[in-house]
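Spelled out, the chains give:
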Amino acid sequence: MIENKNETLRENQPPHKRRVRYKGTHPKKFEEKYKEHQPEKYGDTIEKIIHKGSTPAGMHISIMVDEILNFLQIQPGQTGLDATLGYGGHTRKMLECLKGQGHIYGLDVDPIEIVKTKERLSKAGYGPKILTILQENFSNIGQLGQQYGPFDFLLADLGVSSMQIDNPARGFSFKSDGPLDLRLNPQKGCSAAQRLRELTKEELEGMLIENADEPYAEQIAKEIIQSLKRGMKIETTFQLKDVIEHALAFLPNNQTKKESIKKTCQRTFQALRIDVNSEFEVLEAFLDSLPQVMAPGGRAAILTFHSGEDRLVKKAFKRFYQEGAFQDISKDVLRPSPKECRENPRAHSTKMRWAIKAVD
């Protein structure tokens, strides 16, 4: 009888999975870094990596947390919205401010990461009584505000999360080889590789200038289009990187050339990501609906990571202030402290703007 019970228990247990093996003493590939993917189990390893100024694989270090919380002034019993849930770091800190009273709604379009974040926050004790997570694009906050608002506090962190950037399978970075995808929701729309095949030279050049202020936009656009016409495939991150390097072959061979290629790769991938995800159009729709979903006296903070985003936020905030929808807005951007930038290099380009809804 006991043997039968033991056999039943063994049958119901999930099969044991061996961790991914790697060469050498330290894992190098994203999928090999098994300790970094389990921060709750290997806390010491995670601390060492963060202390070195790096982001553990599969994680995201929240930016300007203190500045955000100091401005939002969250009180127990309030209702808030995290328009860009991501890894859930900001959300968790805001939930702590509620002290078990109130509610936060978290939005994200990424069907892969949203499941992990929901499980992570649930294990931390934040269930449906205080937290609702929705797979929604934040351009739809007008409709969401009617259903769940108005919101006393609101946060939008417009940066791509580290767990998306670092995962080669998502194709967000030229530092690792992977499919040239760049979609925040890989289940919708077309990939960056497909988008390149659809654009003309003029459209591609214009996109690189508008989305990333790329100084070598003409040369890159020309090289990409000619490469595709010759039958060359540009379907992986390394293939696009090779084309960019070829386009900049005319630069003098020195350390400056290496840095120029790196920055041009960063800008090109940024421009493609913005285009593939219609990020400017989404942001404009979000900003247009922002005042109507905020409660009187409600506070909104937005983190941007490049000049195009910041210009849109600055322009919208100024317009709503002049129209009387906002009673106050940030006159200048807030930036992360030098200490935070040392500990998290990905914070360097961050700008924060804020607005307070007028009291009727």
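Residues numbered from 1 in each chain as written. Predicted model: local features only at pLDDT ≥ 70, side-chain atom pairs only at ≥ 80, totals over all residues. Heavy atoms only, no water.

Peer 1: Mind showing me how you'd approach the nonpolar core here?
Peer 2: Note that soluble globular proteins tend to have their nonpolar side chains buried in a common cluster. Formed by 33 residues in total, the largest nonpolar core has its most connected members in Leu180, Leu196, Leu204, Ile224 and Leu240. Counting residues per element, the ones that place at least two in this core are α8 (192-198), α9 (201-212), α10 (217-229), α11 (237-247) and α12 (255-276). Within the second largest apolar cluster, 32 residues are counted, among which are Phe138, Leu144, Leu158 and Ile274. (Core = buried A, V, L, I, M, F, W, Y, C linked by side-chain atoms within 4.5 Å. Buried < 20%, exposed > 50% of the residue type's maximum accessible area, 1.4 Å probe, protein only. Helix = DSSP H or I, 4+ residues; strand = E, 2+ residues; numbered from the N terminus.)

Peer 1: Looking at this structure, I do not really get α9. What am I missing?
Peer 2: Side chains three or four residues apart in an α-helix point the same way, a direct result of the helix having 3.6 residues per turn. Over its 12 residues, α9 extends 16 Å from the first C-alpha to the last, a length consistent with the 16 Å expected when each residue adds 1.5 Å. Buried residues along α9 sit in contact with α8, α10, α12 and α13 (279-293). Positive phi appears at Asp213, one or two residues downstream of α9, with a value of about 50 degrees. (Expected span 1.5 Å × (residues − 1). Contact = heavy atoms within 4.5 Å.)

Peer 1: It is not clear to me how the sheet that holds strand β7 (residues 351-357) should be interpreted in this structure. Could you clarify?
Peer 2: The strands making up a sheet are joined through hydrogen bonds of the backbone, oriented either antiparallel or parallel. Sheet architecture is open: seven strands sit in the order β3-β2-β1-β4-β5-β7-β6, paired in mixed fashion. With partners counted over all chains shown, the strands left at the sheet margins are β3 (131-134) and β6 (326-329), one partner each. Neighbour to neighbour, the strand axes of the sheet diverge by 15 degrees on average, direction disregarded. Sheet analysis places strand β1 (residues 79-82) next to strand β2 (residues 103-107), joined by four bridges and oriented parallel. Following the sheet pairing, Thr79 is matched in β2 by His103. Its contacts with the sheet place α13 against β4 (151-157), β5 (294-304), β6 and β7, and it is angled at close to 150 degrees to β5. (Pairing = 2+ DSSP bridges. Axes fitted to C-alpha atoms, helices over the stretch in contact; angles between N-to-C directions.)

Peer 1: Explain the packing of aromatic side chains here, please?
Peer 2: The full count for this structure, using the stated rule, is eight aromatic pairs. When the ring of Tyr105 is compared with that of Phe151, the centres are 6.2 Å apart and the planes differ by 65 degrees; the resulting orientation is edge-to-face. You can see Tyr105 sitting in strand β2 and its partner Phe151 sitting in strand β4, a full 46 residues away along the chain. Among the residues examined, Tyr105 registers a relative accessible area of 13% and is labelled buried. Note on Phe151: relative accessible area 1%, which makes it buried. On the numbers, 5.8 Å between centres and 55 degrees between planes, the contact of Phe174 with Phe269 is tilted. (Phe/Tyr/Trp six-rings, centres within 6.5 Å; stacked < 30°, edge-to-face > 60°.)

Peer 1: Help me out: how do you make sense of the environment of Gly77 in this one?
Peer 2: In this fold, Gly77 is placed in the loop between α3 (65-72) and β1. With 75 residues separating them in the primary sequence, Gly77 and Asp152 have C-alpha atoms 9.8 Å apart. The contact partners of Gly77, leaving out residues within four places of it in the chain, are Leu98, Gln101 and Gly102.

Peer 1: Would you explain the pairing of β4 in this entry?
Peer 2: Counting buried positions along β4 yields six of seven residues, so the element is predominantly enclosed. Pairing between β1 and β4: three bridges, direction parallel. The residue of β4 that forms the bridge with Leu81 is Leu154. For β4 and β5, the ladder comprises six bridges, and the chain directions are parallel.

Peer 1: Teacher, can you tell me more about the packing of α10 against α11 here?
Peer 2: For any two helices packed against each other, one specifies the crossing angle of their axes together with the interaxial distance. Direction vectors running N to C along α10 and α11 enclose 120 degrees, while the axes themselves pass 9 Å from each other. Classified by the interaxial angle, the pair formed by α10 and α11 is oblique. Where α10 crosses over α11, the two elements pack in a sense that is right-handed. The residues of α11 that touch α10, namely those facing Gln219, Ile220, Glu223, Ile224 and Ser227, are Leu240, Val243, Ile244, His246 and Ala247. The class makeup of the residues in the contact of α10 with α11 is six nonpolar, three polar and one charged. (Parallel < 35°, antiparallel > 145°, perpendicular 65-115°, else oblique. Left-handed = near helix turned anticlockwise from the far one by under 90°. Nonpolar A, V, L, I, M, F, W, Y, C, P; charged D, E, K, R; others polar.)

Peer 1: So what exactly am I meant to see when it comes to the packing of α13 against helix α14 (residues 307-323) here?
Peer 2: The N-to-C vectors of α13 and α14 enclose an angle of 20 degrees; their axes lie 10 Å apart at closest approach. By the criterion of interaxial angle, the relationship of α13 to α14 is roughly parallel. Once α13 is placed against α14, the crossing between them reads as right-handed. Contacts between α13 and α14 pair Glu279, Phe280, Leu283, Glu284, Leu287, Asp288, Leu290 and Pro291 from the former with Gly308, Glu309, Leu312, Val313, Ala316, Phe317, Arg319 and Phe320 from the latter. Tallied by class, the residues present in the contact of α13 with α14 amount to 10 nonpolar, one polar and five charged.

Peer 1: What's the story with the pattern of salt bridges in this structure? I'm lost.
Peer 2: For side chains of opposite charge, pairing can occur when their charged atoms come near one another. One pass over the full model with this rule turns up 17 salt bridges. Note that Glu198 is salt-bridged to Arg195, the shortest N-O span being 3.4 Å. Linking Glu198 with Arg195, this pair stays in helix α8, spanning three residues, or about one helical turn. With relative accessibility at 23%, the residue Arg195 sits in the partly exposed group. Each of the salt bridges in this network shares a partner with another, and the network as a whole consists of Arg195, Glu198 and Asp275. (Salt bridge = Lys/Arg side-chain N within 4 Å of Asp/Glu carboxyl O.)

None of the figures reported here should be taken as evidence of function without further support.
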